[in-house]
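Residue strings, one per chain:
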Amino acid sequence: MTEGARLLVVHTWADLRPALRPGPRAVVMTMGALHQGHLDLVARAQQWRAAVGGQVVVTVFVNPLQFGPEEDFEAYPRTLEADVAALAGRGVDVVYAPSVVDLYPAGPPLVRLNPGPVGEVFEGAIRPGHFAGVLTVVHKLLGRTQPTVALFGQKDAQQLALVRQMVADLDLAVRIVAVPIRREADGLALSSRNRYLSAPQRTAALALPRAVAAGAAAAAAGAGVTTVRQAAWDALGNASSDGFETDYLEVVDPSDFTVLGQAWRGPALLIGAIRVGTTRLIDNAPLTITG
Ligand code: PAF
């Protein structure tokens, strides 16, 4: 356990418990390798605390349950010292950075949350078991940190939808707050995985935000679902010659991720995922379809 001026860093549930004061609490869950997108979540948590009082807790845990066997669990950046330094002075009271053994003392949990149909499409189809791993750890971290509100990034839109569904379906007493995507000046959504990209890959990656922005612009101009989807695909460019592979680019219902048809009017989400080399990138834009 280390204690700075105001920021307490704990690594075990035993040390976390006494650090939680009675009263309201905001929690930001992360896998570390913090960037400005995470710091936006923290800033939003701090705003909430300024209004309501209480504590802000940040969790840092690279959750093995949500990585597939071929994925980057081992290679995932672990930068706790820099993360704690980045959080200092931002109104965070406690950082809970448990080990795998602290979080899963009996080994990988036998009981896991079933994300249901929303967990089987798009990211869930490409990453089998991913959302079961996410919901299981989010449920455990909610249980351990006991927050009043938990803040999640809009960038992981399917994760956000599933966390909301879990909270509703399992009657969890926590309010989920979504925080908008933070982008680089050139439009690339911030991600801890962006650091894997070489300079040419970084350029290729811009196809995704370009596509998402084009679809959003079409929707804002009154286009219907089919035109929005087409505008996004047109802006994506030629994947094979431009150095990336497309996993999906689709207009969906933001609550259940079903694909929307041309007759749809109302809220929608344009979601996309590409692979640049071995790096997967996801992006999205909330839309209102009027046309
Ligand atoms: O979004 C993430 O960083 C992770 O999926 C989360 C919510 C911290 C669970 O491991």
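Preceding block: the structure.
So, here's what we can say about the structure. Predicted, not measured: the structure shown is a model, and the values here were computed from it.

**Describing the pairing of strand S9 (residues 266-276)**
Line of reasoning, step 1. Burial analysis of S9 places nine of its eleven residues in the buried class, the great majority of the element.
Line of reasoning, step 2. As defined by bridge partners, strand S8 (residues 245-252) adjoins S9 across seven bridges and the pair is classed as antiparallel. What sits directly across from Tyr 248, in S9, is Ala 273.
Line of reasoning, step 3. Both S9 and strand S10 (residues 279-289) contribute to a ladder of eleven bridges, which runs antiparallel.

**Some remarks on the nonpolar core**
Line of reasoning, step 1. Core analysis: the biggest nonpolar cluster contains 41 residues, and Val 138, Phe 152, Ile 176 and Phe 257 have the highest contact counts within it.
Line of reasoning, step 2. Counting 27 residues, the second-largest nonpolar core is a separate cluster that includes Ala 218, Ala 223, Ala 285 and Ile 289.

**A closer look at the environment of Gly 129**
Line of reasoning, step 1. When you line up the elements, Gly 129 lands in the loop between helix H5 (123-126) and helix H6 (130-145).
Line of reasoning, step 2. A C-alpha to C-alpha distance of 8.0 Å links Gly 129 and Leu 65, two positions 64 residues apart in sequence.

**Some points on the packing of aromatic side chains**
Line of reasoning, step 1. Under the definition given, this model contains four aromatic pairs.
Line of reasoning, step 2. Pairing Phe 67 with Tyr 76 gives two aromatic rings, centres 5.8 Å apart and planes at 75°, and the pair type is edge-to-face.
Line of reasoning, step 3. On the accessibility criterion, Phe 67 (10% relative accessible area) is buried.
Line of reasoning, step 4. Take Tyr 76: its relative accessible area is 7%, and that puts it in the buried class.
Line of reasoning, step 5. Arranged with centres 4.9 Å apart and planes meeting at 65°, the rings of Phe 122 and Tyr 248 form a pair that is edge-to-face.

**Focus: the environment of Leu 281**
Line of reasoning, step 1. In this fold, Leu 281 is placed in strand S10.
Line of reasoning, step 2. As a C-alpha pair, Leu 281 and Thr 246 span 35 residues in sequence and 9.7 Å in three-dimensional space.
Line of reasoning, step 3. In this structure, Leu 281 is in contact with Asn 194, Leu 197, Ala 205, Leu 208, Gly 272, Ala 273, Ile 274 and Val 276, ignoring residues within four places of it in sequence.

Analysis parameters
- Residues numbered from 1 in each chain as written.
- Predicted model: local features only at pLDDT ≥ 70, side-chain atom pairs only at ≥ 80, totals over all residues.
- Heavy atoms only, no water.
- Buried < 20%, exposed > 50% of the residue type's maximum accessible area, 1.4 Å probe, protein only.
- Helix = DSSP H or I, 4+ residues; strand = E, 2+ residues; numbered from the N terminus.
- Pairing = 2+ DSSP bridges.
- Core = buried A, V, L, I, M, F, W, Y, C linked by side-chain atoms within 4.5 Å.
- Phe/Tyr/Trp six-rings, centres within 6.5 Å; stacked < 30°, edge-to-face > 60°.
- Contact = heavy atoms within 4.5 Å.

Without other data, these values stay purely geometric and don't point to any function.
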